[in-house]
Amino acid sequence: MVLRSCWKSRHKNRPGTGPGPGPSAAARGVRAGSAALLWLCVTQFACAGGELAEITKVVQKDAEFDVTYNDTVTSENQTIYAFNHTVSRNRTEGVRVSVDVLSQGFESPILFVVRQKQAVLSFQIPLILRGLYQRKYPYNHVGRTLCQPPTRAASETQYFFVDVSTLSSQGTNYQLRVSRVESFTLHTDKKFSFTASPSQPQYFKYDFPDGVDTVIVKVNSDATFPCSVMSIQDIQCPVYDLDNNVAFIGMYQTMTKKGAITVQRKDFPSNSFYVVVVVKTEDEACGGPLRFYPLWPDELINAGNRSKFIDVIVTPAIKSEVYVMGMLFCLGIFLSFYLLTLLMTCLENKRMKKKTEVFQIPADMSPAETASLLGKNGDAKTPASPYEYGSFADNCSTLSSEAITDSATSTDNNYGYAGQEPFKRRPILNRLHHIAICIERSLDSVGRSRHESLSSVEEDDYDTLDDINSDKNIVRTKKYLYVADLSRKDKRILSKKYQIYFWNIATIAVFYALPVVQLVITYQTVVNVTGNQDICFYNFLCAHPLGALSAFNNILSNLGYVLLGLLFLLIVLKRDIIHQRALVRNDFNALECGIPKHFGLYYAMGTALMMEGLLSACYHVCPNYTNFQFDTSFMYMIAGLCMLKLYQKRHPDINASAYTAYACLAGVIFFSVLGVVFGKGNTVFWIVFSVIHILATMLLSTQLYYMGRWRLDSGILRRILNVIDTDCIRQCSGPMYIDRMVLLVMGNIVNWSLAAYGLIERPNDFASYLLAIAICNLLLYFAFYIIMKLRSGERIQCMALVCILFTAVVWGFALYFFFQGLSTWQKTPAESREHNRDCILLSFFDDHDIWHFLSSIAMFGSFLVLMTMDDDLDGIQRDKIFAF
């Protein structure tokens, strides 16, 4: 009955029926909608729950654009508005349907169905959009843009129909207006402004111009809220432009004031795309406040005015030439350090060659010249100060091998000079005596080396001062300690002990890096497949894609860490080879003078710098809070290794083993992960961490003050009370080691202050807070080391001083760019994009890339400072070098 009534009313009101000429074009277009109307009647029958709902009247009207139609709809009548317009292949014209319901408190919603040639769009009024926890927001004013199917003809007339129906028995008044969108197509570098709301989304078309393969779509607004979504979708129907379906296809991101998406031509076969802007029903996704929970599950909540004024502009991205220029610039900067190092090495070798020639005694040297070289009185020249000792003792091995022949030849040639006073034997005897001592030491060392090389060197196989415990306690508790007191263990054993640092960190790097690389590749794949731009926290205004990578420039800028880390390893290797050759020659300086040379920690530092670059690049593949530890883990390693190296310089016998050091660093990284996951606003976590931080500071202070000569056991409290009783109550005596006490007091003040700050402020970025603790302690110890070095009468050579000043300046500039904060995963993705800024270097690198450049150079310079700052002691015996 219902279907028959629908069919009859359909034919009764259809123009062009009955006798007369053939059907008109309009009639042919109307006939195309018969099937859709039949489906509508079936739907109404089903919705009536099986009851026979008679539709007694179906009215079709020929409608026009830009005309407002006021009408009433009930369950007994249905209205169809017929529109036609011309579609051109070379010109895209948007069509927008706007509907407003004037009645209040109507029973059933009004259904609007827009039937097009290749698409159907339907919506109801009130339009119900859902938020979190199934909140329902009704909208009585709806505006939708129709999807325009492409046409192959140069010009074609297309028809579409707007059907209005309801199941409400009461009459409901509404307004319908269909208008053309004149500015439907966006143009390059031309800003376009519009207004959008949750029920009135907007989208526009953009065509790639010739010669442009990549563009950046930028959306801006002066208002932070309401939260909105920008989406890039292919030219196809339907267009998903509502809050509940905008994430179905394409690329999308939430935004408050700024949004930007880089679009490549290769991703869109039609060489065009839609820019869709949707305003969300709630602001929680953008960091805004969450509305109250409804009292009743089906209660409708008035959303209020959520209109937002938005600007959109499409700009061309950089060309391939800029990519090449950026890569060449990056390589040029860091390869210049290789050239500079090569130049410095050549100059140093030339200087050392001249120095060697000066201290060799030629065979034809006269006795007077020999006496002048050895001393005015014919005695072997004695250094006037400890710093001159190195120049006298540098060539012990040279004298032991070559000077005997030179001296013998000189003696044979000069004893028989006619008419001259016989050459005094005392200088030659003194020099031969010195050579004999060197030869004896060399023979003893060579014999010992041959004997010990028969078996592998293991620390457990050798005496580690266990047989002189009493002497060890006495030596390490002296008021004034020297490096000789703390470098008494076998050098080969210590060298192997510190080499473990390198092998351990190399093993850690392999096992750590492989799953990291796998994970970030998965992250990038998920971003590319889902199109969700909120997963990764880029600087979208300066994120240049390459292949599957979304921000290639942020990855490329980490190349400096790798190249400079490798260069540092080469420098360390060169020094290590020179030192090993000196040991083979039994060079007196290498054996008995200067700071003991152990290169294992240097190798570990260089490896850590390279891994920092690799893992930082992995982090920037898709930066977010879940993988931020990739970027910071080896920063903790570098800070810890630098502190260990500073301490090892003058305390080689009592420095921590690699296993202990890496176990402590693993604990730091563990707390870093806990802080990132659970630390945000968690009072219990911050209390526990602050207590552990303070206890660790106190234990480390005790270890450093007593040089490891204390025990943590059940009697520790009794011993503490005894010290307080004897040193504070019975008699007031100051600390025995004043210098150490000053350092440790300052260190405790700094660490206690940092712990209090963390407990009070509870910073969201726990990983950076933990890194700040490590850096503050490193800087404090470094400053103490420099002060004590100068206070002990030592000096800093020119090269080391230049490195210190250069590194300090670079660190200053690097920190400036670091604190620019172009993005932050501590906030929502939309809030993070508010900090995005354009590129500032070569139109390719942003502020954070410059931080990568400068920080890698500064770290490399810091390593060189640690390596060269004690070169002035190479000629001073270790029993004259203070240990502090």
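In this report, we go over the structure that sits alongside the text. Here the structure is a predicted model, which is why all the values come from computation and not from measurement. (Residues numbered from 1 in each chain as written. Predicted model: local features only at pLDDT ≥ 70, side-chain atom pairs only at ≥ 80, totals over all residues. Heavy atoms only, no water.)

1. Re the overall build of the protein chain
A count of helices and strands for the protein chain gives 23 helices and 20 strands. The buried share of the protein chain, taken over its 884 residues, is 48%. Relative to all contacts within the protein chain whose residues are 6 or more apart in sequence, the contacts with residues 24 or more apart total 80%. (Helix = DSSP H or I, 4+ residues; strand = E, 2+ residues; numbered from the N terminus. Buried < 20%, exposed > 50% of the residue type's maximum accessible area, 1.4 Å probe, protein only. Contact = heavy atoms within 4.5 Å.)

2. Overview of the pattern of salt bridges
Oppositely charged side chains can pair when the atoms bearing their charge come close. Across all of its chains, the model carries 25 salt bridges by this definition. The salt bridge partner of Asp838 is Lys218, with a shortest N-O separation of 3.8 Å. On the criterion of sequence distance, the pair formed by Asp838 in the loop between α22 (829-833) and α23 (847-868) and Lys218 in strand β15 (residues 214-220) is long-range, its members being 620 residues apart. What makes Asp838 partly exposed here is its relative accessible area of 41%. Of the charged contacts, one joins Lys649 and Asp870 as a salt bridge, the two residues approaching to 3.5 Å between their closest N and O atoms. With Lys649 in helix α15 (residues 628-650) and Asp870 in the segment after α23, the pair connects residues that are 221 residues apart, well separated along the chain. In this structure, Lys649 and Asp870 share a single accessibility class: buried. Beyond isolated ion pairs, a larger network of salt bridges with shared partners links Lys649, Arg650, Lys789, Glu794, Asp870 and Asp872. (Salt bridge = Lys/Arg side-chain N within 4 Å of Asp/Glu carboxyl O.)

3. Describing the sheet that holds strand β11 (residues 172-181)
Across the sheet, which stays open at both edges, the 4 strands sit in the order β2-β11-β4-β9 with antiparallel pairing between neighbours. Single-partner strands in this sheet number two, and they are β2 (67-73) and β9 (141-146). Averaged over all pairs of adjacent strands, the angle between their axes in this sheet comes to 20°, without regard to strand direction. As paired strands, strand β4 (residues 94-101) and β11 are joined by 8 bridges and run antiparallel to one another. (Pairing = 2+ DSSP bridges. Axes fitted to C-alpha atoms, helices over the stretch in contact; angles between N-to-C directions.)

4. Regarding unusual backbone geometry
Across the chain, the bulk of peptide bonds are trans and the bulk of non-glycine residues have phi less than zero. Cis geometry marks the peptide bond from Phe225 to Pro226; its omega dihedral reads 10°. Inspection of the secondary structure puts Pro226 in the loop between β15 and β16 (228-234). Cys237 connects to Pro238 through a cis peptide bond whose omega is 0°. Although it is not a glycine, Asp189 adopts a positive phi angle of roughly 65°. Among the residues examined, Asp189 registers a relative accessible area of 48% and is labelled partly exposed. The residue Asn586 is not glycine, and still its phi comes out positive at about 55°.

5. A short note on the packing of helix α19 (residues 738-761) against helix α20 (residues 766-791)
Think of two packed helices as two axes; the pair is described by the angle between the axes and how far apart they sit. It is the contact of α19 with α20, at a shortest axis distance of 11 Å, that shows an interaxial angle of 160°. One element, α19, and the other, α20, form an angle in the roughly antiparallel class. The handedness of the crossing between α19 and α20 comes out as right-handed. Contacts between α19 and α20 involve Asp739, Leu743, Met746, Gly747, Val750, Asn751, Leu754, Ala755, Tyr757 and Gly758 on the former and, on the latter, Tyr769, Ile773, Cys776, Asn777, Leu780, Tyr781, Phe784, Met788 and Arg791. For the contact of α19 with α20, the per-class residue count stands at 13 nonpolar, 4 polar and 2 charged. (Parallel < 35°, antiparallel > 145°, perpendicular 65-115°, else oblique. Left-handed = near helix turned anticlockwise from the far one by under 90°. Nonpolar A, V, L, I, M, F, W, Y, C, P; charged D, E, K, R; others polar.)

6. A short note on the side chain of His651
With respect to the element layout, His651 can be found in the loop between α15 and α16 (658-678). There is a polar contact of 3.3 Å between the side chain of His651 and the backbone oxygen of Phe884. Excluding residues within four positions of it along the chain, His651 makes contact with Leu486, Met707, Tyr781, Ala883 and Phe884. (Polar contact = N/O pair within 3.5 Å; in protein donor to acceptor, adjacent residues only side chain to side chain.)

7. Description of the packing of aromatic side chains
Summed over the entire model, instances satisfying the criterion amount to 57 aromatic pairs. Seen from their ring centres, Phe192 and Phe194 are 6.1 Å apart, and the 25° between their planes marks the pair as stacked. With a relative accessible area of 7%, Phe194 lands in the buried category. Their ring planes at 75° and their centres at 6.1 Å tell us that Tyr512 and Phe634 sit as a pair that is edge-to-face. Placement of the pair is Tyr512 in helix α10 (residues 491-530) and Phe634 in helix α15, with a sequence separation of 122 residues. Taken together, Phe670, Phe671, Phe685, Trp686, Phe689, Tyr757, Phe766 and Tyr769 form an aromatic cluster joined through their ring pairs. Seen from the ring of Phe65, Arg180 lies directly overhead, with NZ or CZ sitting 4.0 Å from the centre. Taking the ring centre of Tyr602 as reference, the NZ or CZ of Lys645 above it sits at 4.2 Å. (Phe/Tyr/Trp six-rings, centres within 6.5 Å; stacked < 30°, edge-to-face > 60°. Lys NZ or Arg CZ within 6 Å of the ring centre and 35° of its normal.)

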